[in-house]
Amino acid sequence: MDKLEQAFVAEMAKKTEQARAVGVDGGRTLAALEKQGPARLLGQQARRGCVSAEFEALAAAGRLDLSLEAAAVQGRYGALFDDDTVNFCLQVLCEKGYFAL
């Protein structure tokens, strides 16, 4: 993994700990992220039209800011993801009201 990928995984590790505090366990997704890398994991999910395993629970808790999808749309990680992946993440976040249009 390059430095940007490592930074993304480190950020998600912190967010996973915060998610546990609100009763959402993201351990499986974090393990997959560490194994596959951010671009591959999120790219596969986007192509299948699937959100991360914790997405709905985080939405119900009002903490989508801790989701993989919210991290992926941050500008500083733009080089990691293709347009289709980012667009998918933006779409599902908007559908849950994370961003107001």
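Scroll up a little and you will see the structure.
Throughout what follows, the structure given in this document is the object of discussion. Bear in mind that the values here come from a model prediction, so they are computed numbers and not experimental data.

Some thoughts on helix 1 (residues 3-21)
Here comes step 1: Helix length check: helix 1, at 19 residues, gives a terminal C-alpha distance of 28 Å against a target of 27 Å (1.5 Å per residue), a fit within 8%.
Here comes step 2: Listed in full, the buried residues belonging to helix 1 are Glu5, Phe8, Val9, Glu11, Met12, Lys15, Thr16 and Ala19. The buried side chains of helix 1 occupy one side of the element, clustering within an arc of 160° when seen end-on. Opposite its buried face, helix 1 presents the exposed residues Lys3, Lys14 and Ala21, each directed more than 90 degrees away.
Here comes step 3: Its buried side turned inward, helix 1 meets helix 2 (27-36), helix 3 (38-48), helix 4 (55-60) and helix 5 (68-72).
Here comes step 4: Count one or two residues on from helix 1 and you reach glycine 23, which has phi positive near 85°.

Details of the packing of helix 3 against helix 6 (residues 83-95)
Here comes step 1: Orientation of helix 3 relative to helix 6, taken along the N-to-C sense of each, is 65°, at an axis distance of 9 Å. Compared by their axis directions, helix 3 and helix 6 come out roughly perpendicular. Helix 6 is crossed by helix 3, and the crossing has left-handed handedness. Each of Leu42, Gly43, Gln45 and Ala46 in helix 3 lies in contact with helix 6, whose residues at this interface are Asp84, Thr85, Phe88 and Cys89.
Here comes step 2: When grouped by side-chain class, the residues that make up the contact of helix 3 with helix 6 number four nonpolar, three polar and one charged.

Quick look at a nonpolar patch on the surface
Here comes step 1: Side chains of Leu90, Tyr98 and Phe99 sit close together on the surface and give an oily, nonpolar patch of about 220 Å² of accessible area.
Here comes step 2: Tracing the backbone through its elements, the reader meets tyrosine 98 in the segment after helix 6.

Parameters and conventions
Residues numbered from 1 in each chain as written. Predicted model: local features only at pLDDT ≥ 70, side-chain atom pairs only at ≥ 80, totals over all residues. Heavy atoms only, no water. Helix = DSSP H or I, 4+ residues; strand = E, 2+ residues; numbered from the N terminus. Expected span 1.5 Å × (residues − 1). Buried < 20%, exposed > 50% of the residue type's maximum accessible area, 1.4 Å probe, protein only. Arc of directions from axis to C-beta. Contact = heavy atoms within 4.5 Å. Axes fitted to C-alpha atoms, helices over the stretch in contact; angles between N-to-C directions. Parallel < 35°, antiparallel > 145°, perpendicular 65-115°, else oblique. Left-handed = near helix turned anticlockwise from the far one by under 90°. Nonpolar A, V, L, I, M, F, W, Y, C, P; charged D, E, K, R; others polar. Patch = residues over 30% accessible without salt bridge, like charges linked within 9 Å, V, L, I, M, F, W, Y side chains within 5 Å. Areas by Shrake-Rupley, 256 points an atom, 1.4 Å probe, with all protein chains shown as cover. Salt bridge = Lys/Arg side-chain N within 4 Å of Asp/Glu carboxyl O.

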